[in-house]
Amino acid sequence: TIQSNPEWKFKGVYSDYGITGTSMDKRPGFLQMIEECKKGNIDIILTKSIKRFARNTVDLLRVVRELKSMGVEVCFENEKIHSLSGEGELMLSILASFAQEESRSLSDNIKWALRKRNNKKLMDIDGMVKTWLSIKKKLQLLEECLQNI
């Protein structure tokens, strides 16, 4: 879409591969983009979705408001939201809440799966210990029998 609009000039891709969107301070690409906005080098940000921009509602609204105060618009392609429009912030609040909840739910599901897997490993280890103790006990009985012969 950038190339199709003669009024826009491409300034770069700012991404944070493999880094969670729940914490802004751990996203160097995102922070660099905000710095470029503060310097006046960027006046519109195009992003695929709210989830790609941020998953924390408070941070999302804080950053969007900060950018708005600098005259920088954020366009969310999937949601068709423009931050400088009248209904933009209301829609962002609602949809960001969904994105944050989705992120939290996914995190909870992953933690549950890891706990379940670890519990299974503990049960497997417990079973191995019981088997080892049983073998050890049988060996002791065998030793006692051999000594009595």
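Please refer to the structure higher up on the page.
The present account deals with the structure reproduced in this document. (Residues numbered from 1 in each chain as written. Predicted model: local features only at pLDDT ≥ 70, side-chain atom pairs only at ≥ 80, totals over all residues. Heavy atoms only, no water.)

With that out of the way, let us pick up the side chain of R27. With respect to the helices and strands, R27 occurs in the segment before α1 (28-38). In this structure R27 comes out as buried when scored by relative accessible area, which is 7%. Within the structure, the side chain of R27 is placed 3.4 Å from the side chain of D16, a separation counted as a polar contact. Looking at R27, its side chain comes within polar contact range of the main-chain oxygen of F53, at 2.7 Å. (Helix = DSSP H or I, 4+ residues; strand = E, 2+ residues; numbered from the N terminus. Buried < 20%, exposed > 50% of the residue type's maximum accessible area, 1.4 Å probe, protein only. Polar contact = N/O pair within 3.5 Å; in protein donor to acceptor, adjacent residues only side chain to side chain.)

Glancing now at the side chain of D16. In this structure, D16 sits in the segment before α1. At 2.6 Å, the side chain of D16 forms a polar contact with the backbone nitrogen of G29. Here the side chain of D16 touches F30 through a polar contact of 3.1 Å, landing on its backbone nitrogen. Beyond its immediate chain neighbours, meaning those up to four positions away, D16 contacts R27, P28, G29 and F30. (Contact = heavy atoms within 4.5 Å.)

Turning our attention to the nonpolar core. Soluble globular proteins tend to pack their nonpolar side chains together in the buried interior. One finds I45, F53, L60, L67, F76 and L92 to be the most contacted residues of the largest nonpolar core, which totals 20 residues. Within the residue set of this core, elements represented by two or more residues are α1, α2 (50-53), α3 (57-69) and β2 (73-76). A per-element tally of this core places α3 first, with five residues. Non-local contacts of F53, meaning those with residues more than four positions away in its chain, are made with M24, R27, F30, M33, I45, T47, L60, V63, V64, L67, V74 and F76. (Core = buried A, V, L, I, M, F, W, Y, C linked by side-chain atoms within 4.5 Å.)

A positive phi angle, close to 55°, is found at K80, a residue other than glycine. Mapped onto the secondary structure, K80 falls in the loop between β2 and β3 (81-82). When its relative accessible area of 71% is taken as the criterion, K80 is described as exposed.

A word on a nonpolar patch on the surface. The grouping of L90, M91, I94 and F98 at the surface amounts to a nonpolar patch, some 400 Å² of accessible area in total. With a relative accessible area of 34%, M91 lands in the partly exposed category. (Patch = residues over 30% accessible without salt bridge, like charges linked within 9 Å, V, L, I, M, F, W, Y side chains within 5 Å. Areas by Shrake-Rupley, 256 points an atom, 1.4 Å probe, with all protein chains shown as cover. Salt bridge = Lys/Arg side-chain N within 4 Å of Asp/Glu carboxyl O.)

Scope: geometric values only; no functional claims are made or implied.
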